[in-house]
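# Secondary and tertiary structure notes
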2 protein chains.
Amino acid sequence: MDATIDIDADSLRTDIERTGDFGSVDAETGLGRTALPADDANVRAREYLVERMESVGLDVRVDAVGNIAGRWTPSAGDPNAAPVVAGSHLDSVPRGGIFDGLLGVYAALEAVRAVRDSGVAVERPLEVVSFTGEEGTRFADGVLGSSVAAGELSVEDALDLSDGRVSLGTALEEAGFRGTGRLDASEWHAWLELHIEQGGHLEEAGVPLGIVTDITGTSRGHVSIDGRAAHSGTTGMHARRDALVAASEFVLNVEETATEIATTGTGTAVGTVGRLNPEPNVVNVVPGNVSMRLDLRSVDQLEIDRQVRAVETSLDDLEHEHGVETSLDIPYEIPPTRLSERVRDTVETAASRHGVETLTLHSGAGHDTMQVANVTDAALLFAPSTGGYSHSPKEWADWSDCAVATRVLAESLALLASNTEQHHTYE
Amino acid sequence: MDATIDIDADSLRTDIERTGDFGSVDAETGLGRTALPADDANVRAREYLVERMESVGLDVRVDAVGNIAGRWTPSAGDPNAAPVVAGSHLDSVPRGGIFDGLLGVYAALEAVRAVRDSGVAVERPLEVVSFTGEEGTRFADGVLGSSVAAGELSVEDALDLSDGRVSLGTALEEAGFRGTGRLDASEWHAWLELHIEQGGHLEEAGVPLGIVTDITGTSRGHVSIDGRAAHSGTTGMHARRDALVAASEFVLNVEETATEIATTGTGTAVGTVGRLNPEPNVVNVVPGNVSMRLDLRSVDQLEIDRQVRAVETSLDDLEHEHGVETSLDIPYEIPPTRLSERVRDTVETAASRHGVETLTLHSGAGHDTMQVANVTDAALLFAPSTGGYSHSPKEWADWSDCAVATRVLAESLALLASNTEQHHTYE
């Protein structure tokens, strides 16, 4: 089988580079782009994808929330069989890189083309999907289109989401990408997403392909500490209720707890205070208030829960020791996702047929695959990041690694589509 | 003597309230104002002061940097004798209170008027002075006019100072307050400034008047910590160089060092990180850089030096333990100021004649008196703050306390001006 599926590495590279040009930004190093959901750069990327899907001969449809799907039904196959689907997303963070999302979409397109042109016998339809709004930079906190496809979010609620000026429905309408119906991931036989790692494990190990076992769960919170603003010259050390001193202890507690859990547990726990704002934030005033954003993750929900309890204890201690008032709100909680063993095994088989070494690892970042995995068997593949950069113009992947991963993806799609056995039970 | 010098408490209050109306701001509690050097509110305050000085019969002059002086020469006195001078400033911080500066100017005006009308025999001229730009909110970092009067800053350099749009010279010219010559504090026999405490010692002790022995020295620094920005999900705890974690240790070190020195030393040491800005400061990115502003004070320069050495050691430790790079710059260093024993003793005598209890204490905030004390004998008096508020519309002082302090100020001026003995050597 492996001799017959040929990947066109140049075509893959061209598609990613062309799409990277839409919304490209100045950067000292690397190639950067800004393409927020339904903005001009994103619409041009969508138009280019539709054009490319059609030129490859796929049947294109756009659903009500702007998810784009391109299907190839093998002539010898069953057009009503559950399809094998691969893809990712076309949107980016502000000043993001050109691989995050784009690699998964165009690797899927090239893989489907290669399988079709190979003449390998497949029975199930193959489909390429680009989800709307994965990054969470506009309209929602992330994984927008895949939440709708997984039935977690209704089409109506999604269309009503606003960026403060305009609703998603209106923005898609104006962009010409408000279609009809709803892409339903529960009808898929399997889903595969190839993504850049956004970390350093593959590069460090010298392995060209990662197979993800688990996607981290994430809890995000708002923390506020209220002390008393006071003149930094006339307020003695013992008379202070310095909100920044209390917040500093909090930051260290978060870091120590996560490090301890990471050392003793699954090794995937991370805890971060990424945002911290003192008030009034001037040189000669003892800070009266500090607001913070907290990000706690692990592939094991119990390890997230342990971090949350440590945070609560830390804030209680600060109230007693520093005379401050604290508040904690955790409105964003996504549980960890275990990925399909069946699909992972298939990818392993495909990789070994091509002599491609693989590394199993977890994903510390969220992906559309989290949503899809709730309703069908799903896998997530990683191509190595050069230097581990992410959400930056410095984000990079070797083109040869991209081609290797795309070859394994194509082989995996062919294997998964080669029989019409019943849909596997979810794990 | 004490029976003959009568303070008009209503006039003092009216002058402060009227001036507080210029640039008044909305505040839930208290009375606030914004009057930056040479802005509209400050110019109206200046015009009102000149008008009041003239109505009291003082000879008014404005020097090249906008310092305003109003002199009364007693008919029986020596017009060429070194004058006894009192005053403060008319500018405010943004959303400051109505006592900071204004109390010192109008207490001086009312004291001079009361001495003149009392018929008490004085030989030296008495002068009321309002210095330009004490607060450091425009054109300079503070004590602008008094630096020129003390010969620390030349008239030319002062006039060239810019707020980014306009020079001080041009702004004063347009406001009609660019005069000629230079007020020379080294020619004064003595200087007295009455100021609101901006702290809680007098209120706590239930004492209506503070006599300041020392004004704190202040060293202010810029601290920068460079780590590595990284994805908070994909970067393990051990792979991080989190600039905010390092900065949090730094904040705690500054606080611990100052507390230790304050406990064992003069009791006046304070150390504050008032400003802290992480970059990029978003929830899902490990902070790559943190910049901070540092404020270290004590009445003992050695205690400031100890704090600076502890800061340097802390940054060295952070470089070794966290793999971060750090930088420290301390461009602002004002040494502690010891105030004149002679003038303080005179104030004590004046207070005891009126049965006014006093408390000797230090000033944790800087004042124009710091500059004047470099070139002549100077004293600083405090009226009690209600609630200790400072640089806020909540700043407050009892009007009766203001009147008591003004009475002691008037008595002190009369005592200091009652003979023409040679100028005392500086301490």
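The structure we're discussing is the one just above.
Worth saying up front: this structure is predicted, and the values here are computed from it rather than measured. (Residues numbered from 1 in each chain as written. Chains lettered and ligands numbered in written order. Predicted model: local features only at pLDDT ≥ 70, side-chain atom pairs only at ≥ 80, totals over all residues. Heavy atoms only, no water.)

### A look at the overall build of chain A
Within chain A, the regular secondary structure consists of 12 helices and 17 strands. With respect to the principal axes defined by its C-alpha atoms, chain A has extents near 85 × 50 × 40 Å. Evaluated residue by residue, chain A yields a buried proportion of 60% over its 427 residues. Across chain A, contacts joining residues at least 24 apart in sequence account for 80% of those joining residues at least 6 apart. (Helix = DSSP H or I, 4+ residues; strand = E, 2+ residues; numbered from the N terminus. Buried < 20%, exposed > 50% of the residue type's maximum accessible area, 1.4 Å probe, protein only. Contact = heavy atoms within 4.5 Å.)

### A short note on the interface of chain A and chain B
Facing 52 residues of chain A, the contacting portion of chain B comprises 52 residues. Both faces combined, the contact of chain A with chain B buries some 4000 Å², and carbon together with sulfur accounts for 59% of it. Taken together, the links from chain A to chain B amount to 0 salt bridges. There are 15 residue pairs in polar contact (both at pLDDT 80 or more) connecting chain A and chain B. Where the side of chain A that touches chain B is concerned, the elements lending two or more residues are α8 (243–264), β11 (270–279), β12 (285–286) and β13 (289–298) of chain A. Broken down by element, the side of chain A that touches chain B gets its largest block of residues, 11 residues, from α8(A). Its residues assigned to classes, the side of chain A that touches chain B shows 19 nonpolar, 23 polar and 10 charged. (Buried area = accessible area lost by both parts, 1.4 Å probe. Salt bridge = Lys/Arg side-chain N within 4 Å of Asp/Glu carboxyl O. Polar contact = N/O pair within 3.5 Å; in protein donor to acceptor, adjacent residues only side chain to side chain. Nonpolar A, V, L, I, M, F, W, Y, C, P; charged D, E, K, R; others polar.)

### Here we look at the pairing of strand β9 (residues 217–226) of chain B
Residues and elements named next belong to chain B. Among the 10 residues of β9, 8 are classified as buried, and the element is accordingly described as predominantly covered. Bridge count for β9 against strand β13 (residues 289–298) is 10 bridges, and the pairing is antiparallel. Looking at the pairing, Arg220 lines up with Asp295 of β13. Note: β9 against strand β14 (residues 325–334), 8 bridges, orientation antiparallel. Looking at the pairing, His222 lines up with Asp329 of β14. (Pairing = 2+ DSSP bridges.)

### Quick word on the environment of Asp78(A)
All names here are of chain A. Mapped onto the secondary structure, Asp78 falls in the loop between β4 (68–72) and β5 (84–89). Between the C-alpha atoms of Asp78 and Ser92, which are 14 residues apart in sequence, the distance is 36 Å. With residues near it in sequence (within four places) discarded, Asp78 still touches Glu123 and Pro125. Of note is the side chain of Asp78, whose polar atom sits 2.8 Å from the backbone nitrogen of Asn80.

### Points about the sheet that holds β14(B)
All names here are of chain B. Spatially, 4 strands are ordered β11-β13-β9-β14 in an open sheet, and the strand pairing comes out antiparallel. Across the chains shown, the open sheet's two edge strands, defined by having one partner strand only, are β11 (270–279) and β14. Strand-to-strand twist across the sheet, computed as the mean angle between neighbouring axes with direction ignored, equals 15 degrees. Sheet analysis places β11 next to β13, joined by 9 bridges and oriented antiparallel. Paired with Val270 across the bridge in β13 is Arg297. (Axes fitted to C-alpha atoms, helices over the stretch in contact; angles between N-to-C directions.)

### Quick look at the packing of helix α1 (residues 9–21) of chain B against helix α12 (residues 399–416) of chain B
Residues and elements named next belong to chain B. Axis separation between α1 and α12 bottoms out at 10 Å; the angle between their running directions is 115 degrees. The pairing of α1 with α12 is recorded here as roughly perpendicular in orientation. In the crossing of α1 with α12, the sense of the turn from one axis to the other is right-handed. Only Trp399, Cys402, Ala403 and Thr406 of α12 make contact with α1, whose side of the interface consists of Ala9, Leu12, Arg13, Ile16 and Glu17. In terms of residue class, the contact of α1 with α12 is built from 6 nonpolar, 1 polar and 2 charged. (Parallel < 35°, antiparallel > 145°, perpendicular 65-115°, else oblique. Left-handed = near helix turned anticlockwise from the far one by under 90°.)

### Digging into the relation of the copies chain A and chain B
Superposing chain A onto chain B takes a rotation of 179 degrees plus a shift of 0.0 Å along the axis, which leaves an RMSD of 0.1 Å. Taken together, these values place the two copies in the relation of a two-fold axis. Across chain A, the rotation axis passes nearest the C-alpha of Ser248(A), at a separation of 2.1 Å. Here 100% of the interface residues in chain A have copies in chain B that are interface residues too; the copies meet face to matching face. (Least-squares fit on C-alpha atoms with pLDDT ≥ 70 in both.)

### Let's talk about the sheet that holds strand β9 (residues 217–226) of chain A
All names here are of chain A. With antiparallel pairing, 4 strands are arranged side by side in an open sheet as β11-β13-β9-β14. Bordering the open sheet on either side are β11 and β14 (325–334), each of which pairs with just one other strand. Across the sheet, the mean angle separating the axes of adjacent strands is 15 degrees when strand polarity is ignored. Here helix α9 (residues 301–322) sits on the sheet in contact with β9, β11, β13 and β14, set at roughly 160 degrees to β13.

### Quick word on the environment of Leu103(A)
All names here are of chain A. Inspection of the secondary structure puts Leu103 in helix α3 (residues 102–118). For Leu103 and Ala397, which are 294 residues apart along the polypeptide, the C-alpha to C-alpha distance reads 9.5 Å. Once you skip the residues sitting within four places of it in the chain, Leu103 turns out to touch Ile16, Leu194, His195, Ile196, Ala383 and Cys402.

### Things to note about unusual backbone geometry
Omega for the peptide link from Glu279(A) to Pro280(A) comes to 0 degrees, which places this bond in the cis form. With respect to the helices and strands, Pro280(A) occurs in the loop between β11 and β12. Positive phi values are uncommon outside glycine, yet Arg95(A) reaches one of about 55 degrees. Of note, the phi angle at Phe139(B) is positive, near 75 degrees, even though the residue is not glycine. With respect to the helices and strands, the residue Phe139(B) is situated in the loop between β6 (126–131) and α4 (144–149).

### A few points about the pattern of salt bridges
Charged atoms that come close allow side chains of opposite charge to pair. Residue and element names in this part refer to chain A. The tally for this structure, following the rule as stated, stands at 34 salt bridges over all chains. Among the ionic pairs, Glu127 bridges to Arg71, the shortest N-O distance being 2.5 Å. With a gap of 56 residues between them, Glu127 in strand β6 (residues 126–131) and Arg71 in strand β4 connect regions that are remote in the sequence. Here Arg71 falls in the partly exposed class, since its relative accessible area comes to 21%. Arg113 serves as the salt-bridge partner of Asp117, at 2.6 Å between the closest nitrogen and oxygen. With Asp117 and Arg113 both in helix α3, this residue pair falls 4 residues apart, about one helical turn.

### Overview of the packing of helix α2 (residues 40–56) of chain A against α3(A)
All names here are of chain A. Closest axis-to-axis distance for the α2/α3 pair is 11 Å, and the angle between their directions is 5 degrees. With respect to α3, the element α2 is oriented roughly parallel. On α3, the residues touching Ala45, Tyr48, Leu49, Arg52, Met53 and Val56 of α2 are Val105, Tyr106, Leu109, Arg113 and Arg116.

### What about the side chain of Thr268(B)?
Residue and element names in this part refer to chain B. By the secondary structure assignment, Thr268 is in the loop between α8 (243–264) and β11. Residue class for Thr268 comes out buried when judged on its relative accessible area of 8%. Reaching out from Thr268, the side chain makes a polar contact with the side chain of Thr266 at a distance of 2.7 Å. If near-sequence neighbours (up to four positions away) are discounted, Thr268 is found in contact with Arg297, Ser298, Val299, Glu303 and His362.

### Describing the pairing of β5(A)
All names here are of chain A. In terms of burial, β5 is a largely internal element, 6 of the 6 residues being buried. Burial of β5 is two-sided: the residues Val84, Ala86 and Ser88 facing one way and the residues Val85, Gly87 and His89 facing the other way are all buried. As paired strands, β5 and β6 are joined by 6 bridges and run parallel to one another. In the strand pairing of β6, Val84 is matched with Leu126. What joins β5 to β6 is α3, and the crossover it makes is right-handed. Where β5 meets strand β7 (residues 190–196), 3 bridges bridge the pair, whose relative direction is parallel. By the bridge assignment, Val84 is partnered in β7 with Ala190. (Right-handed = clockwise from strand over helix to strand, strands pointing away.)

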